[in-house]
Amino acid sequence: MFSGKKILLGVTGSIAAYKAILLVRLLIKAGAEVKVIQTPSSRDFVSSLTFSTLSKNKVLTDLFDEASWSNHVMLGRWADVMIIAPASCNTLSKMAGGQCDNLLLAVYLSATCPVIVAPAMDEDMWRHPATQFNLSKISSYGNIVLPVNKGELASGLIGDGRMAEPEDIIRCLQNFFSYGNQLKGEIALVNAGPTHEAIDPVRFISNHSSGKMGIAIAEELAKKGASVTLVLGPSSIPVSGNINTIKVTSAEEMYNTCVGYIPHASIIIMAAAVADYTPLTIGKEKIKKADDTLVLDLKKTKDILKEAGKIKKTGQTLVGFALETNNEKINAQKKLVEKNVDMIVLNTHNDKNAAFKSGINKITIFDKRGNEYNFEAKPKKEVARDIINTIIQYRNV
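Values in this document were obtained by computation on a predicted structure and should not be read as measured data. (Residues numbered from 1 in each chain as written. Predicted model: local features only at pLDDT ≥ 70, side-chain atom pairs only at ≥ 80, totals over all residues. Heavy atoms only, no water.)

S.K.: Any chance you could explain the pairing of strand β13 (residues 267-270) here in plain terms?
M.R.: In summary, the side chains of a regular strand alternate between the two faces of the sheet. Alternating residues of β13 divide into I267 and I269 and I268 and M270, and every residue in both groups is buried. As paired elements, strand β8 (residues 187-192) and β13 share 4 bridges and run parallel to each other. By the bridge assignment for β13, A188 is matched with I267. When β13 meets strand β16 (residues 317-324), the two strands line up parallel, connected through 4 bridges. Among the inter-strand pairings, I268 is bridged to a residue of β16, identified as L318. (Buried < 20%, exposed > 50% of the residue type's maximum accessible area, 1.4 Å probe, protein only. Helix = DSSP H or I, 4+ residues; strand = E, 2+ residues; numbered from the N terminus. Pairing = 2+ DSSP bridges.)

Written out as C-alpha cells, the structure reads:
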C-alpha cells in the first residue's frame, strides 16, 4: 500500500501517544519506511525503545546531544509526508506561533513535505477559543488537520477531543497519496496578485486584488503533485507548500517573468489582476500637489494572457480569468476565443461573493470545447480545487 513511501511521525506529550504505537505497526505493515521523532514529554507516555523496535529506526528526540547533532533540515526533506499524532494543545500553540524549542518543531518548521496533524486533548481544551484559533492558523499554513473523535476522554468525561484512530489516519494517507499523484510530473505556472504601476517614487496605480485566488490555485496544484512556479505581484498573503515563488511589482516585470516560464510549463493559469495601463512617464521625484487637477498619460501594458495564447504549444493547457461587470458570459466567451485559451474562469463583480479581498468566490468555467461548468459560492481554497479538478478532467478527455 505504502511501499517506498517515507513517513516521518512526530509524537507529542499526550496520553493518546499509545495510539501512535499501532499507527507505526500499520505503516510498517503497509510497506512504509518510518522515522519517529518524540518530544521529551512524550517519553513519559511511550518509551523510545518501543518506537525504535517497531520502526526499525533510531528514534530522534534532541536537536543535539554530546555525541551527535540531528539535521532537522534534511529530515524535513527526506519525508514524503510528516504526521504529528498525537498533536497536543501545547504543540499546536507552538506550531501556530512558529516556536522552535525542540527537534519536532525544528523539523516541522523546515519541512518541505506536506504535514498532517492529528490533535488530541480534553474537550474543554479542544473547545477553548485559543485552541480553535491555533487550529485555524496552522490550517492556513497548508497543514492538513484531521478531525477529532467524540468519546471517553482521559479525564473520564465524554466529549470531543479524542485523537483520530490509527485506521482513520491510514485511510487519510491512502487518499493523500492517491490525490497527490494526480499531477505528478506536470510543470505549472501561475501568476497572482495585483501589479503596482509607478507614478513617481512614492505613488502608484493598482487595484484591490489580494492574490488569494491565485495563491490558492498554486497551492492546490502543488498538493496534487505538480512542480509549481508562482509569479506573485505585491501581496501580503503567505504562500505555503513547496512552491517556487517569484515576487514582482510591475506589469512589465510580470510579463517578462511569465513569458520566460511559459515555454516550459504544461499547465499555465493566469489569475493575476495585471494593470491594463501604466504611466507613460514616471516622475523622478515626488509630484507636488499644486493644481486642482492632475493629468496622467497612460499607455497599455503588455497582454500576458494574449502572448501566452500566441506561443502556446500542443500539450499545454492555458487558463485565463475574466472579471466582468456586464454581459458577463458573452464577454468571457469572447475572451476565450480572442486570447486563444483552453479555459476561462468567470467571476462577476456584480456578485457579492466575487468581491476583491473576500475569502469566498463564485465562478463559472467555460472551455473551448463548448462546455460550461457552474459552481456555487465557496471558500477560495475549495474554488481552487474545483478549478484544478476541471483542468484535470479537460486534459484527460
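S.K.: I would appreciate a short explanation of the sheet that holds strand β2 (residues 33-38) in the present structure.
M.R.: Strands belonging to one sheet form pairs held by backbone hydrogen bonds; the direction of such a pair is parallel or antiparallel. Spatially, β2-β1-β3-β4-β5 is the arrangement adopted by the 5 strands of the open sheet, whose pairing is parallel. The open sheet has two edge strands, β2 and β5 (144-145), and neither has a second partner. Judged from the 4 bridges that link them, strand β1 (residues 6-11) and strand β3 (residues 81-87) form a sheet pairing that is parallel. Counterpart to L8 in the pairing with β3 is M82. Sheet strands in contact with helix α1 (residues 17-29) are β1, β2 and β3, and its direction is about 170 degrees off that of β1. Here helix α2 (residues 48-55) sits on the sheet and contacts β1 and β2; the angle it forms with β2, its principal contact strand, is near 170 degrees. (Contact = heavy atoms within 4.5 Å. Axes fitted to C-alpha atoms, helices over the stretch in contact; angles between N-to-C directions.)

S.K.: What exactly am I supposed to notice about the pattern of salt bridges here?
M.R.: Where side chains of opposite charge bring their charged atoms close, a pairing between them can arise. Summed over the entire model, instances satisfying the criterion amount to 18 salt bridges. For the salt bridge of E165 with K19, the shortest nitrogen-to-oxygen distance reads 2.9 Å. Highlighted residues: E165 in the loop between β7 (158-162) and α8 (166-179) and K19 in helix α1, separated in sequence by 146 residues. In this structure E165 comes out as partly exposed when scored by relative accessible area, which is 27%. D303 is the partner of K339 in a salt bridge, and the nearest nitrogen-oxygen pair spans 3.0 Å. On the criterion of sequence distance, the pair formed by K339 in the loop between α12 (328-338) and β17 (343-348) and D303 in the loop between β15 (298-300) and α11 (304-311) is long-range, its members being 36 residues apart. Three or more residues joined by partner-sharing salt bridges are found here, namely K19, R162 and E165. (Salt bridge = Lys/Arg side-chain N within 4 Å of Asp/Glu carboxyl O.)

The values are spatial; any link to function lies outside them.
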